[in-house]
Amino acid sequence: MKLKPSMLAVALAAVCAVPAQADVLGVKAGMDLYFVSTNGELQGDEAAWKDKNRISAYAAFEHFIPIVPNLMVRYNAMGTVGDGGASSGADLDLTNTDFIFYYELLDNPGIELDLGVNYRLYSGEASRDGSWDSQDIDKGVFMGYARSRFNLVGTGLFAFADVALTNYSDRKISDYQLGLGYGLGLFALDLNLRGGYRQHDFDVKNFNGITADVSQDGWFLGAELAF
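Residues numbered from 1 in each chain as written. Predicted model: local features only at pLDDT ≥ 70, side-chain atom pairs only at ≥ 80, totals over all residues. Heavy atoms only, no water.

## Concerning the overall build of the protein
Then, number 1: Counting its regular elements, the protein contains one helix and 13 strands.
Then, number 2: Secondary structure of the protein in N-to-C order comes out as α-β-β-β-β-β-β-β-β-β-β-β-β-β.
Then, number 3: Buried positions account for 44% of the 227 residues belonging to the protein.
Then, number 4: At a minimum sequence separation of 6, the contacts of the protein that also span at least 24 residues come to 60%.
Then, number 5: Accessible surface, the protein: about 11,300 Å² in total, of which carbon and sulfur atoms supply 63%. (Helix = DSSP H or I, 4+ residues; strand = E, 2+ residues; numbered from the N terminus. Buried < 20%, exposed > 50% of the residue type's maximum accessible area, 1.4 Å probe, protein only. Contact = heavy atoms within 4.5 Å. Areas by Shrake-Rupley, 256 points an atom, 1.4 Å probe, with all protein chains shown as cover.)

Here it is, written out as structure tokens:
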């Protein structure tokens, strides 16, 4: 399987950061399996896509330096292919990499709250069966970012939400997750098992030559290691 450079960046960053985390960093790394369904319009026409299973992987680095934000790098595979049995099929790849700079506003046993800015870099493409050639979707966009987690103290159970969005002029893009999880305290690290619902809305006009109003949503399961 060919790995894109952004996926390799997530993996390499996680490996390189781990040795230093005991002194100056807190490190989290995780992966989700996303069962995604895609629907909507591409270049003004209705399109049909097949359901796909996709991967999201991330690494986050937290520190104690005032003013300097924490960083999360997250790779989101969002590709899908046209339904071969439908005349309106089209291939669409909204794969992207998030570079999230955030501050921890709350961090206590009961509740966590992060706020920041996300620079999302799309690196996919789109094509319409028999209508037009493949068009690259290589463009970045700034988004607001928020994450919260509510812990049921003493049980290991928690609920969480993760939101990135932008809404102005010709681009309305959002990506949110809601879910539940269970944390296990292991030697020198914590293992968090999680699952929930995720939705990615991509409503744009002339976004690197692409006009689309697409929604991708579905359930996901994942695991996270926190050092």
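Anyway, onward from the coordinates.
## A look at the packing of aromatic side chains
Aromatic ring pairs are described here by two measures, namely the spacing of the ring centres and the angle between the planes.
Then, number 1: In the structure shown here, the tally under the stated rule is nine aromatic pairs.
Then, number 2: Measuring from ring centre to ring centre gives 6.4 Å for Tyr-102 and Tyr-145, while their planes differ by 55 degrees; the resulting arrangement is tilted. Of this pair, Tyr-102 sits in strand β7 (residues 96–107) while Tyr-145 sits in strand β9 (residues 132–152), placing them 43 residues apart in sequence. Across this residue pair, the class does not change: Tyr-102 and Tyr-145 are buried.
Then, number 3: On the basis of an interplanar angle of 45 degrees and a centroid distance of 6.1 Å, the ring pair of Phe-158 and Phe-160 is categorised as tilted.
Then, number 4: Among the aromatic side chains, those forming a connected cluster through ring pairs are Tyr-122, Phe-202 and Phe-207.
Then, number 5: Directly above the ring of Phe-207 sits Lys-139, whose terminal nitrogen or CZ lies 5.2 Å from the centroid.
Then, number 6: Positioned above the aromatic ring of Phe-158, the side-chain terminus of Arg-149 is 3.7 Å from the ring centre. (Phe/Tyr/Trp six-rings, centres within 6.5 Å; stacked < 30°, edge-to-face > 60°. Lys NZ or Arg CZ within 6 Å of the ring centre and 35° of its normal.)

## Considering the pairing of strand β8 (residues 111–128)
Then, number 1: Here four bridges tie strand β6 (residues 90–93) to β8, and the two strands are oriented antiparallel to one another. Bridged to Asp-91 within β8 is Ser-127.
Then, number 2: In the sheet, β7 pairs with β8 via eleven bridges, with the strands oriented antiparallel. Bridge pairing in β8 links Leu-106 to Leu-113.
Then, number 3: Taken together, β7 and the strand that follows it, β8, pair antiparallel across an intervening segment of three residues. (Pairing = 2+ DSSP bridges.)

## Observations regarding the pattern of salt bridges
Then, number 1: The full count for this structure, using the stated rule, is eleven salt bridges.
Then, number 2: Among the ionic pairs, Asp-170 bridges to Arg-171, the shortest N-O distance being 3.8 Å.
Then, number 3: A relative accessible area of 31% means that Asp-170 is categorised as partly exposed.
Then, number 4: If you follow the salt bridges from partner to partner, you end up with Arg-74, Asp-98, Arg-120, Asp-162, Asp-175 and Arg-198 in one network. (Salt bridge = Lys/Arg side-chain N within 4 Å of Asp/Glu carboxyl O.)

## Considering the side chain of Arg-194
Then, number 1: Mapped onto the secondary structure, Arg-194 falls in strand β12 (residues 189–207).
Then, number 2: Take Arg-194: its relative accessible area is 14%, and that puts it in the buried class.
Then, number 3: A distance of 2.8 Å separates the side chain of Arg-194 from the side chain of Asp-32, its partner in a polar contact.
Then, number 4: In this view, Arg-194 contacts Asp-32, Tyr-58, Phe-160, Gln-177, Leu-180, Gly-181, Phe-220, Leu-221, Gly-222 and Ala-223; residues no more than four positions away in its chain are not counted. (Polar contact = N/O pair within 3.5 Å; in protein donor to acceptor, adjacent residues only side chain to side chain.)

## Describing the nonpolar core
Then, number 1: Among the nonpolar cores identified, the biggest contains 31 residues, and Leu-42, Leu-92, Tyr-122, Ile-137, Ile-173 and Phe-202 are the most heavily contacted of them.
Then, number 2: When neighbours within four sequence positions are excluded, Leu-92 is seen to be in contact with Leu-42, Trp-49, Met-78, Gly-79, Thr-80, Glu-125, Ala-126, Ile-137 and Val-214. (Core = buried A, V, L, I, M, F, W, Y, C linked by side-chain atoms within 4.5 Å.)

All we've got here are geometric facts, nothing functional implied.
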